[in-house]
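Chain by chain, the residues:
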Amino acid sequence: MAAPSATVAKKPVSVKKAVLRVLLYFVVLDVCVITLYPYFAMLCTALKNRVEIFSGNTILPVTALWSNFIDIWSRAPIAQYMLNSVLIASGSTLIAMLCGIPAAYALARMKFKGQTAFLGFVIISQMFAPVVLLVGIYQVMQPMHLTDSLLGLVLINASFNQAFTIWLLRGTFMGISAEMEQAATIDGCNRVQAMLRVLLPVAAPGIVTTLIFIFINAWNEYTVALCLISTDTLKPMTVGINTFNGYNMIEWQYLFAASIFAIIPVVILFMCIEKNLVSGLASGGVKG
C-alpha cells in the first residue's frame, strides 16, 4: 500500500516544476520582446515614408519602402563611414590586445613591488568617462596633429579600453594553472614561448571575449569622434549618420536605415564568437 502513496506524493512536485518552467518561459519571452522591440520599431520606421512616420497611426508601414536602404548610399558616404569605423575599431582592438596581454600576464604570474597600487590605478581609470576628459584629450592631441585623423581615434579608443583589457585577461590567466607553463619551460621553452604556445591557446575564450567587447566599445564610441573629427570623409559611422539629422528636419527613415547597417557588423561578430562568450566571461571573473 506504500507504493500508491509514493506516487501520489510525486505529483505535486512535477506540477510545481511544470508551473515554474512555464513561468520561466514567460519571463524569457518577455525579456526577448522588450530587448528586440526597439530593433523591430527601427526596421518598421526605416521602411516608412515621411508622411507615415509623422502620422503615427501604426508601427507597421502601410507600404514597405525598401528603396530607403538604397537611397541612403547616394545621400551620404555610408560606405566610407563604415570603413572608417572598421579601421578605428580594428586598430583599437589590436593595440589594446597587444599591450593588454603582456600586462595582464605580468600581473597574473609575477610578483613585483607596487602591484596592488597598479591594480588599483587600473580600476580607478575606469571611473572617468571620455566626456569628462574631452578638453584634456583635445589639448594633448592637437600638438601632435591627431585631432582630425583616424590614428588619433584609434589611439584614444585603445587607451580607454586598456584597463578593461588588463583586468579581464588577468582574471582569465589566473584561472589557468601555472603548472602548464612550468612543464613547457622544462621542455625547453622560455617564458615568452610558454605564454605564446601554452597559455594563450588555453585562454582563447577569455581573449575572444575581451576582443569582442573592445571592438564594440570602439565601434560605438561617439563623443570623442564628434569633437575631434571635422572632415566628413574621416567620420565613423556613429557620427556620419548625423547627416540625416538636419537643422530643420530629421529624416527618420534614412537615419534608422543607416543605423541598421551600423549594427550589422557587430551582430555578425557576435554570431561568430557566441560559443566562446559565456566561458570567456566566466574565466575572466576569477578573483585574485
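Each value, and the rule that gives it
- Residues numbered from 1 in each chain as written.
- Predicted model: local features only at pLDDT ≥ 70, side-chain atom pairs only at ≥ 80, totals over all residues.
- Heavy atoms only, no water.
- 1 Å grid on protein atoms, 1.4 Å probe; cavity = no way out; pocket = protein on both sides within 12 Å on 5 of 7 lines; lining within 4 Å.
- Points joined across faces, edges and corners; volume = space filled by probe spheres on them.
- Helix = DSSP H or I, 4+ residues; strand = E, 2+ residues; numbered from the N terminus.
- Nonpolar A, V, L, I, M, F, W, Y, C, P; charged D, E, K, R; others polar.
- Buried < 20%, exposed > 50% of the residue type's maximum accessible area, 1.4 Å probe, protein only.
- Lys, Arg positive; Asp, Glu negative; His and termini not counted.
- Salt bridge = Lys/Arg side-chain N within 4 Å of Asp/Glu carboxyl O.
- Polar contact = N/O pair within 3.5 Å; in protein donor to acceptor, adjacent residues only side chain to side chain.
- Contact = heavy atoms within 4.5 Å.
- Phe/Tyr/Trp six-rings, centres within 6.5 Å; stacked < 30°, edge-to-face > 60°.
- Core = buried A, V, L, I, M, F, W, Y, C linked by side-chain atoms within 4.5 Å.
- Axes fitted to C-alpha atoms, helices over the stretch in contact; angles between N-to-C directions.
- Parallel < 35°, antiparallel > 145°, perpendicular 65-115°, else oblique.
- Left-handed = near helix turned anticlockwise from the far one by under 90°.

Student: Which parts of the structure should I look at to understand empty space enclosed by the protein?
Tutor: A water-sized probe, rolled over the atoms, reveals where empty space remains. Applying the stated criterion across every chain, the model contains 1 cavity of 30 Å³ or more. Its volume calculated, the largest cavity comes out at about 60 Å³. Every residue along the wall of the largest cavity is listed here: Ser-85, Ile-88, Ala-89, Leu-153, Asn-157, Ala-218, Trp-219, Glu-221, Ala-225, Pro-236 and Thr-238. Among the secondary structure elements, those contributing two or more residues to the lining of the largest cavity are helix 4 (78–109), helix 7 (150–160) and helix 11 (204–220). The element that contributes the greatest number of residues to the lining of the largest cavity is helix 4, accounting for 3 residues. Broken down by class, the residue content of the lining of the largest cavity amounts to 7 nonpolar, 3 polar and 1 charged.

Student: Would you explain the side chain of Glu-221 in this entry?
Tutor: Considering the arrangement of structural elements, one finds Glu-221 in the loop between helix 11 and helix 12 (223–228). One buried charged residue, Glu-221, remains without a salt bridge, the closest side chain of opposite sign being Lys-235 at 13 Å. Among the polar contacts made by the side chain of Glu-221, one reaches the main-chain amide nitrogen of Val-224 at a distance of 2.6 Å.

Student: Would you mind going over the pattern of salt bridges with me for this structure?
Tutor: It is possible for side chains of opposite charge to pair when their charged atoms get near one another. Going through the model one piece at a time under the given rule, you end up with 2 salt bridges. Residue Glu-251 is joined to Arg-75 by a salt bridge in which the shortest nitrogen-to-oxygen separation is 2.5 Å. With Glu-251 in the loop between helix 13 (237–240) and helix 14 (252–284) and Arg-75 in helix 3 (residues 68–75), the pair connects residues that are 176 residues apart, well separated along the chain. The exposure class of Arg-75 is partly exposed, given its relative accessible area of 43%. A salt bridge links Asp-232 to Lys-235; the nearest nitrogen and oxygen atoms lie 3.7 Å apart. Classification of Asp-232 by relative accessible area gives partly exposed; the value is 32%.

Student: How should the environment of Ser-149 be read in this particular structure?
Tutor: Inspection of the secondary structure puts Ser-149 in the loop between helix 6 (134–141) and helix 7. Residue Ser-149 is classed as buried on the basis of its relative accessible area of 16%. Those residues in contact with Ser-149, other than ones at most four positions away along the chain, are Ile-229 and Leu-234. Polar contacts involving the side chain of Ser-149 include one to the main-chain carbonyl oxygen of Leu-146, which spans 3.3 Å. A distance of 3.2 Å separates a polar side-chain atom of Ser-149 from the backbone nitrogen of Gly-152.

Student: What is the right way to look at the packing of aromatic side chains in this model?
Tutor: Aromatic ring pairs are described here by two measures, namely the spacing of the ring centres and the angle between the planes. Within this structure, the stated rule accounts for 8 aromatic pairs. For the pair Trp-73 and Phe-261, a centre-to-centre distance of 5.2 Å together with 80° between the ring planes defines the contact as edge-to-face. Linking Trp-73 in helix 3 with Phe-261 in helix 14, this pair joins segments that are 188 residues apart in sequence. Measuring from centroid to centroid gives 5.7 Å for Trp-252 and Phe-256, while their planes differ by 45°, and the two rings are tilted. With Trp-252 and Phe-256 both in helix 14 and 4 residues apart, the pair spans about one turn of that helix. Members of the aromatic cluster, connected to one another through ring pairs, are Trp-66, Phe-69, Trp-73 and Phe-261.

Student: Just to check I follow, could you spell out the nonpolar core for this structure?
Tutor: In terms of nonpolar packing, the biggest core is built from 19 residues, with Phe-69, Ile-72, Ile-78, Met-237, Phe-244, Ala-258 and Phe-261 touching the most fellow members. Contributing elements (two or more residues each) for this core: helix 1 (2–46), helix 3, helix 4 and helix 14. A total of 7 residues in this core trace back to one element, the largest contributor, which is helix 14. Ile-101, Tyr-105, Met-195 and Leu-199 belong to the second largest nonpolar core, which has 15 residues in total.

Student: What am I meant to see in the packing of helix 9 (residues 179–186) against helix 10 (residues 191–202) here?
Tutor: The description of two packed helices rests on the angle between their axes and on the distance between the axes. Where helix 9 meets helix 10, the closest approach of the two axes is 9 Å, and the angle between their N-to-C directions is 150°. As judged from the angle between their axes, helix 9 and helix 10 are roughly antiparallel. For the pair helix 9 and helix 10, the sense of crossing is right-handed. Counting all contacts with helix 9, which are made through Met-180, Glu-181, Ala-184 and Thr-185, the residues of helix 10 involved are Ala-194, Val-198, Leu-199 and Val-202. Considering only residue class, the contact of helix 9 with helix 10 consists of 6 nonpolar, 1 polar and 1 charged.

Student: I tried to follow the packing of helix 10 against helix 11 on my own but got confused; where do I start?
Tutor: Relative orientation of the contacting elements helix 10 and helix 11 amounts to 70°, with a least axis distance of 4 Å. Classified by the angle between their axes, helix 10 and helix 11 sit roughly perpendicular to one another. Contacts between helix 10 and helix 11 involve Leu-200, Pro-201 and Val-202 from the first element and Ala-204, Pro-205 and Ile-207 from the second. Split into classes, the residues belonging to the contact of helix 10 with helix 11 amount to 6 nonpolar, no polar and no charged.

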